[in-house]
Every structure is written in structure tokens, then in C-alpha cells.
Amino acid sequence: MTNIPETGRTPRVQIRLVVIQILVLSLLGTLGGRLWYLQIRNGDEYAKEASGNHVQQVVQPAVRGSILDARGVPIADNETRLVVSASRTDLLKMKDDGKAVLTKLAGVLGMKPQEVMEKVRLCDAKTPQPCWNGSPYQPIPITDEATTQQALQIRERSEDFPGITAEPEAVRRYAAPGKSNTAQVLGYLSPVTDDEITKAKDSNSPYLRSDQVGRNGLERAYDKELRGKAGVTRYEVDNLGRVIGKAESDAAEPGSNLVTSIDSRVQRVAEYELNEAMKKARQQYDKITSEYYKADSGAVVVMEAKTGRIVAMASAPTYDPNVWVGGISAKDYKALTGKNSDYPLLNRAIQGQAAPGSTFKVVSTAAAVEAGYEWDGGYPCTSSYSVGGQVFKNFEGESFGPISLGRALEVSCDTVFYGLADREWKKDGGINPKKGQPKDYFFKAAHQFGLGKETGIDLPNEVTGRIPDRQWKESYWKANKDAWCKTGKKNGSYVEKIAYENCLEGNKMREGDEINYSIGQGDTLVTPIQEAVIYGAVANGGTMYTPTIGKAIVSADGKSVQEIKPKAKGKLPVNKTTIKGMDDAFAGVVTRGTAAWKFGGWPQNQIPLHAKTGTAEVYGKQTTSWLATYSKDYTVIMTIAQAGTGSGASGEAVRNIYSALYGVGADGSIDKSKALLPTPQKGLPKIQTDGSIDAPAISKDPVKDLQASKTDDSGTTDQQSPAGTTPSPSGSNRDTRRRTARPKKRRGMRILT
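Residues numbered from 1 in each chain as written. Predicted model: local features only at pLDDT ≥ 70, side-chain atom pairs only at ≥ 80, totals over all residues. Heavy atoms only, no water.

Engineer: Which residues make up the overall build of the chain, and what values do they have?
Structural biologist: When you go through the chain residue by residue, the secondary structure sums to 25 helices and 25 strands. Each of the 753 residues in the chain was classed as buried or not, and the buried ones make up 52%. When contacts within the chain are restricted to residue pairs at least 6 apart in sequence, those whose partners lie at least 24 apart make up 70%. Entry remark: accessible area of the chain is about 35,800 Å², with carbon and sulfur atoms responsible for 51%. (Helix = DSSP H or I, 4+ residues; strand = E, 2+ residues; numbered from the N terminus. Buried < 20%, exposed > 50% of the residue type's maximum accessible area, 1.4 Å probe, protein only. Contact = heavy atoms within 4.5 Å. Areas by Shrake-Rupley, 256 points an atom, 1.4 Å probe, with all protein chains shown as cover.)

Following this line, the structure appears as C-alpha cells:
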């Protein structure tokens, strides 16, 4: 007898078989459900994606629009160059990540292997320039200056250079017509980043991986208009990559051209005169610091007074924007951003902010009139002004007696403004005013003049400057109180004493604060473009304009022209009588005031000029030079850091700019045939039916042309004696002498010009 069933299976085996059958059926059911989900429910969606896997895109970059000056002369355009590029995707497939190929390529191009390898590495927080900040899937340019022989060598030996291409491409060119640089105004381009592609994905102007985008200046401000739209051709390929058909394609749309208000000839003159003024300032000895002036940076703005359009804008130090084309080298990048570079990438016309010195008195004068002081009142211009036991002397102890506000502007009498500001401070309740008591005329006027905020110019990264009113002092004190209280000492060094005072009452408007403020010192900061707007408004009768550089956007085919009209943004807070008084006073500065020694012999009756000089003190540095001027057509503002006085450092340069504009000779004669721009450019350059824009010829160097045409009575050229200048008086000029007469005071009580 046996216990084994006839089937030969025990109950345990049967149970196992049942379990296995259930598992198999469950798996088959799951697989069937998944197949139904993929093929039936979502079949169309996955079919689309599968189809997409067999479509390859070829991108044709759009031709970027040109940037033109007011007469149609290109200042940024494109040129065809032989560009050698490397594909990171192909290089990384190699065992050595492409090092051997790049080394071989460096030999052909005459470059160092390390230099080539740095160009293809990706940028991140730990990787310094040069590096690639664009898409890692886009070909990376190694050089855009390859010769025909080098390109042929690479293409004919393609098996030796896998992942390397050599193709003619349109690349950006900053033309510098007539040697005008215009670097900070133009800006530069660099490849689009993955982050930018993602952010712009759903916008009306998305990026492609091949795009170059504006990083500064007009290239950035008008990037959308200039960039155009890249073309995309789509090819159907099989699983081996062979083309089996052509799918839909989008044609490339070239970018629009930007016509600006810049005149390349005037731009060249402005850049040259700023540079010459800085070089000459460095030859002058500063008796205060016992060393030569450093004159390490500066800016000049030439603006149409009646429209706000910028005719020229220069910033120093400067650079060649072409260094960015094709990727910047490590050496060039360090020269632009290193600690010893003086940061030439900054546009100091809109980003350089400094105490304005006596050029700020236009604001203080308006505030005094608004506060009820008569224009022709007799205000004591004494040799000194006493506050809290401190005695502050006027320039060399000069005393003009009772004078009007206009005369105070002419001779830049500090003690008049000290007295007015001090009187208003006391009326406002002194250091502990009651709630609602302060009228703060001097601070309100500054805000009404547009200070403490951006002008709105069509350039990126403009700074606001600073008006140190009560609200600012309170917020600044809260942010810095702990540091001041920690480092301040009652009987310590000058800096420690200032910190001690600020710890105790830095949030209060002290008497010395308002006195310093009235002559453009203390914590007050302005930019050259802000001063251009203010003095331009005085010139045109009181209207402040938003400064603009873009004048029109013209489509590539010339069929669409979008003109950018001047835009008024407000009125000066003064009546016509006050403006007339200011106008007369600023004319007096040129003929008998602080700038007269630089403008002797100027044809004032035919071309009236108006000016205000300023010399601003900066703790730990030499004085900043300011010269604000205007004619009926233009406003010219020049400032140079660590260069001395307003008229001394900038007077000759500003006069030479006006001479170039109006055709004024060294002897004061006027030759309109030699005038670069005797009246502002009215219309746009002529646009042809094919979209091309007529551009007049421009000389190789307008400055040399002007110098050649201007000779003094002895027949020598301007290069020896700058045009339209008079000999300096013996000894130091007015503003320099003023500083030598002033003792050092504590921060709240310093005498400042």
C-alpha cells in the first residue's frame, strides 16, 4: 500500500501550482493593462513623441540688426568671418574627453592648448573666465579669426578633427567709425544660458540655444528688436540618422536696425577731450595731498537740451567691445574686471555717482526761492560763517558783502548757502523737530528736480544717486547703527569719532548735515546724466526730459519705422522769473565768474554759453571735478574723479567740445563749414526701398581734422595749445585756493566746495 495519489502530486504541490498559476495570470493581466494604456488610451501621445525622436532640427541664426548713429553710420554691425567651433557632445565621447583633438587644433590655430581647452569648459561659480556660459549642446567658438588656410586644413583632415567645424559665420563687429569707441553705450553680446532659455520659454520672445544676447548697453536694452528670429529647418531621419524627408521649416527673420541719436563725430571728440583732460590733470600737483592728481575715471555727456536725446556719452577708462566677439580671453577678462582695472565696463555717465559740489547750488537756489527768499535780496557773502563754535571760512576769506542769489551762483559763495540752509534748519525745529513741523524745502526741491531716482534713460543698470533726507537718514542709521556703536570712539581717530557721533544721533538731521548738503556735499550723490537733465531743463525753460539714445527702430526691409519720440517727464519747481535769473547767473559764470578764465575770447554774443563749476570733496581721496554747461541747443556735463577743480580740470575740454559743435576757432571766430553739429539732427537718415540706410562718409579721425583746421595766430596747431583756451592765471585757480584755506573739521561741520 502506498499513500501517493494516482496523480503523483501531494496536496502541498497542488497548492504551489495554484499559487503559480495565479501569479502568472496576474502578471499577464498587468501586462495586458499596461499595453492597453500605452497603445490605446495614450497611443496618440506616445506616437507623437516617437515621431519626434526621428526629427532633427538645423538652426539658421538670424542676422542681428545694426546699431546706427543719427546720420546712419554703423557703430555696431556684422561681418562674415571664418569661425572654428568645437562640439562638447562629440568631444566627451572620446576616451580623453577630446584633449588630443584640442591640442592638435591649437597647433593649427597657433594657440596654446590650455587656451583652447579653457574656451570649451563650462562656466560655474568656481570656474573663472574664459569659459563657456552658453548651452553645452551648442557648438562652442574657439576663434572667429581663422585664416582660409587654417579652415581648409581642418575641413580636409576632418578625420583628425572630429567634433571640430570651420564655417563662415556672421559675427558682431563694433566698427568705431572715426575712432569713436562708444563701448559702454553699445554694450556687448554673449551666448544665451540655459536659465535664460527656460525663463523665456513661454514669453513672446523665446531664445534658441544658438542665440547671442545683449549683456549691457544698447545691445541689452534693445535686444529683442535687434535679435530677430532664428530659422529652424526640421528633417525626418531614420534610426540610423539618415534623412528620409523634410518636415516643416521656419524661415529666419533678421533683426531690426536701431537708429540712435549718437553722432559718431561728436562722440569721438567727447572721448578724446575727456581723455586729454584726464591726462593733463595727472600733470597737475595737488598741494592738499602732496602728490599729482590721479584723475582715474571720468564721464562726459552731450545732450540735446530741448529733447533729452543723447548726442555723445563717454566714460573713462574705456575698452574695445570687440574683445567679447568670439569669446573673451583670460587676459582681456582680467584687464576688464581685475582689482587694478578701474572697472572700464562701468558706464560712469549713468553708474558713476559722486557728491556734486557747487553744481548742486542750482537746487539749493530753487529751494531758497520756494522757501520765500527774494531773488534780489541782499544775502551776506561773508568771509566766514560760525556754527556751534566752529568758524567756516569762505574762499580765501573773500567777502562780497550783501549779494543776490544770482551773484551767489556766479561767484559760488558758500557762506550765502550755509546761512540759508542753517536758517531753514532752525525754522524746521533743529535737531529735534516736532511731528509735522519740518518743511524741508532744500530736500523737497532735490526730489522735484528728479534726484534720488533713475532718469529713465534707455540703458540698463542706471543708478539712482542719493538725497540724504530724513527718511534716508533713519533707514541708513538702522542698517549701520550696530557697526557704528561697536567701532565708534569719542576720542578716537577721525573715522572712529564719526562712527561715535553716528551711533548716537545718525538718524537725526544735524545742523552740519544740512549746511554740507546745501553746497552738494555730505552724503549727497548724483550722476552725470541726472545733472544733464537738470541743466538741460534750465536751458529749455524748465522742462525735464527723459534722456534717450534710441531714435527709431527700422525693420530689416525698411517697411516699418517706429520712431522713439522725446518724452517730457516734468517741470522744474521754479517759475519763469527764477529760471531767467538762473540763466543770467550761469552766463555770468562764463564771462565773469568761476569759469571765466577758461572761456576768455569765446563768442558769447553769437553763441551764449552758461556754466556752473563744482569741486567735491571725498574722504580719503582727491577732489572730484564737475563742470555743468549748456547752450540753447546742448547740455554738456563733464566730471573727473580725483582731478581737482571743476573749471581747472574740465574747462578746456568742455570748451573744445562746444568749439567742435559750432565751428569756433581758437581766436573765437566762427566757421560754420567746420561745425560738426551747429543744430541738433532733426530727421532720420534716408531709408532705401530695400531697407538699406544711407550713411555719409566719415573721416578716419574727426579730431585730427579739427586740429588741422584750427591754428592760432602764430600758425601752430591745437595739439600744442588746446583750442579756445586762455592761459591759466598765475598761481592756483579759485577752487583750488578755496580748499587750501580750509581747515579740517569734524564730519558734521566741514567746509566743502
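Past the structure itself, the notes keep going.
Engineer: Tell me about the sheet that holds strand β13 (residues 297-304), and name the residues and values.
Structural biologist: Taken together, 5 strands build an open sheet; the order of strands is β14-β13-β25-β24-β23 and the sheet is antiparallel. Where the open sheet ends on each side, the last strands, each with one partner, are β14 (310-316) and β23 (610-616). Adjacent strand axes in the sheet meet at a mean angle of 5° when their direction is disregarded. Strand direction decides the pairing type here: strand β24 (residues 624-630) and strand β25 (residues 634-641), joined by 6 bridges, are antiparallel. Note that in β25 the partner of Ala628 across the bridge is Ile637. Across the sheet, helix α11 (residues 264-281) is in contact with β13, β14 and β25; its angle to β14 comes to roughly 30°. Strand contacts of helix α23 (residues 646-662): β13, β23, β24 and β25, with the helix running at about 145° to β25, the strand carrying the most contacts. (Pairing = 2+ DSSP bridges. Axes fitted to C-alpha atoms, helices over the stretch in contact; angles between N-to-C directions.)

Engineer: Describe in detail a nonpolar patch on the surface, supporting the description with residues and values.
Structural biologist: A grouping of Val13, Leu17, Ile20, Val24, Leu25 and Leu28 is seen on the molecular surface, where their side chains present a nonpolar patch of about 520 Å² in accessible area. Residue placement: Val13 occurs in helix α1 (residues 11-41). Judged by relative accessible area, Val13 falls into the partly exposed class, the value being 35%. (Patch = residues over 30% accessible without salt bridge, like charges linked within 9 Å, V, L, I, M, F, W, Y side chains within 5 Å. Salt bridge = Lys/Arg side-chain N within 4 Å of Asp/Glu carboxyl O.)

Engineer: Mind laying out the pattern of salt bridges, listing which residues take part and the relevant values?
Structural biologist: Across all of its chains, the model carries 29 salt bridges by this definition. A salt bridge links Arg64 to Asp223, with the nearest nitrogen and oxygen atoms 3.0 Å apart. Taken as a pair, Arg64 in the loop between β1 (55-60) and β2 (67-68) and Asp223 in helix α10 (residues 223-227) lie far apart in primary sequence, 159 residues in all. Classification of Arg64 by relative accessible area gives buried; the value is 9%. On the basis of relative accessibility, which here comes to 7%, the residue Asp223 falls in the buried class.

Engineer: Can you lay out the state of the cysteines for me, pointing to particular residues and giving the numbers?
Structural biologist: In a disulfide, the sulfur atoms of two cysteines are covalently bonded to one another. One pass over the structure, following the stated rule, counts 3 disulfides. Two residues share a disulfide in this structure: Cys381 and Cys413, whose sulfurs sit 2.1 Å from each other. Taking the torsion about the S-S bond as the criterion, the Cys381 to Cys413 disulfide, at about 110°, is right-handed. Here Cys381 is found in strand β15 (residues 379-381), whereas its partner Cys413 is found in the loop between α15 (405-411) and α16 (414-427), with 32 residues between them in sequence. In this pair, the class of Cys381 matches that of Cys413, namely buried. A disulfide bridge connects Cys485 with Cys503, and the sulfur atoms are separated by 1.9 Å. Between Cys485 and Cys503, the S-S torsion sits near 90°, and that sign places the bridge as right-handed. A residue pair is termed long-range when its members are at least 10 positions apart, and Cys485 in helix α18 (residues 470-487) and Cys503 in helix α19 (residues 494-505) qualify at 18 residues. The class for Cys503 is buried, based on a relative accessible area of 15%. Disulfides within the chain link the bonded cysteines, taken in sequence order, as 1-2, 3-4, 5-6. (Disulfide = S-S within 2.5 Å.)

Engineer: How would you sum up the layout of surface pockets? Please name residues and give values.
Structural biologist: The volume enclosed by the second largest pocket comes to roughly 950 Å³. Surrounding the second largest pocket, 42 residues form its lining, Ala355, Leu525, Glu617, Val618 and Tyr619 being those nearest its centre. Put simply, the parts of the chain that give the lining of the second largest pocket at least two residues each are β13, α18, α19, β24 and β25. For the lining of the second largest pocket, the residue count by class is 18 nonpolar, 13 polar and 11 charged. (1 Å grid on protein atoms, 1.4 Å probe; cavity = no way out; pocket = protein on both sides within 12 Å on 5 of 7 lines; lining within 4 Å. Points joined across faces, edges and corners; volume = space filled by probe spheres on them. Nonpolar A, V, L, I, M, F, W, Y, C, P; charged D, E, K, R; others polar.)

Engineer: I'd like a description of the nonpolar core, backed by residues and values.
Structural biologist: Residues Ile310, Met313, Val362, Val416 and Met582 are the most contacted members of the largest nonpolar core, which totals 92 residues. Top element by residues in this core is helix α21 (residues 528-540). It accounts for 7 residues. Filtering out sequence-adjacent residues up to four positions away, Met582 remains in contact with Val362, Thr365, Ala366, Trp375, Leu409, Val538, Val574 and Tyr630. Ala270, Val654, Tyr658 and Leu706 belong to the second-largest nonpolar core, a separate cluster that totals 42 residues. (Core = buried A, V, L, I, M, F, W, Y, C linked by side-chain atoms within 4.5 Å.)

Engineer: How would you summarise the packing of helix α14 (residues 361-370) against helix α17 (residues 441-448) if you had to cite specific residues and measurements?
Structural biologist: A pair of packed helices is characterised by two quantities: the angle between their axes and the separation of those axes. Their axes nearest at 8 Å, the elements α14 and α17 cross at an angle of 120°. What the angle tells us is that α14 and α17 run oblique. Where α14 crosses over α17, the two elements pack in a sense that is right-handed. Here α14 contributes Val363, Ser364, Ala367 and Glu370 to the contact with α17, which in turn contributes Tyr441, Phe442, Ala445 and Ala446. Residue classes in the contact of α14 with α17 are distributed as 6 nonpolar, 1 polar and 1 charged. (Parallel < 35°, antiparallel > 145°, perpendicular 65-115°, else oblique. Left-handed = near helix turned anticlockwise from the far one by under 90°.)

Engineer: Break down the packing of aromatic side chains for me, with residues and values.
Structural biologist: Applying the stated criterion across every chain yields a total of 13 aromatic pairs. Each ring, one from Trp472 and one from Tyr476, has its centre 4.5 Å from the other, and the planes form 15°; the classification is stacked. Taken together, the residues Trp472 and Tyr476, both in helix α18 and 4 residues apart, mark about one turn of the helix. On the accessibility criterion, Trp472 (16% relative accessible area) is buried. Here the aromatic rings of Tyr535 and Phe586 are separated by 5.6 Å at their centres, their planes lie at 55°, and the arrangement is tilted. Of this pair, Tyr535 sits in helix α21 while Phe586 sits in helix α22 (residues 576-591), and the two are 51 residues apart along the sequence. The buried category is assigned to Phe586, whose relative accessible area is 0%. Clustering of aromatic rings is evident, with ring pairs tying together Tyr188, Trp324 and Tyr333. For the cation-ring pair, Lys598 lies above Trp597, with the distance from its terminal atom to the ring centre recorded as 4.3 Å. (Phe/Tyr/Trp six-rings, centres within 6.5 Å; stacked < 30°, edge-to-face > 60°. Lys NZ or Arg CZ within 6 Å of the ring centre and 35° of its normal.)

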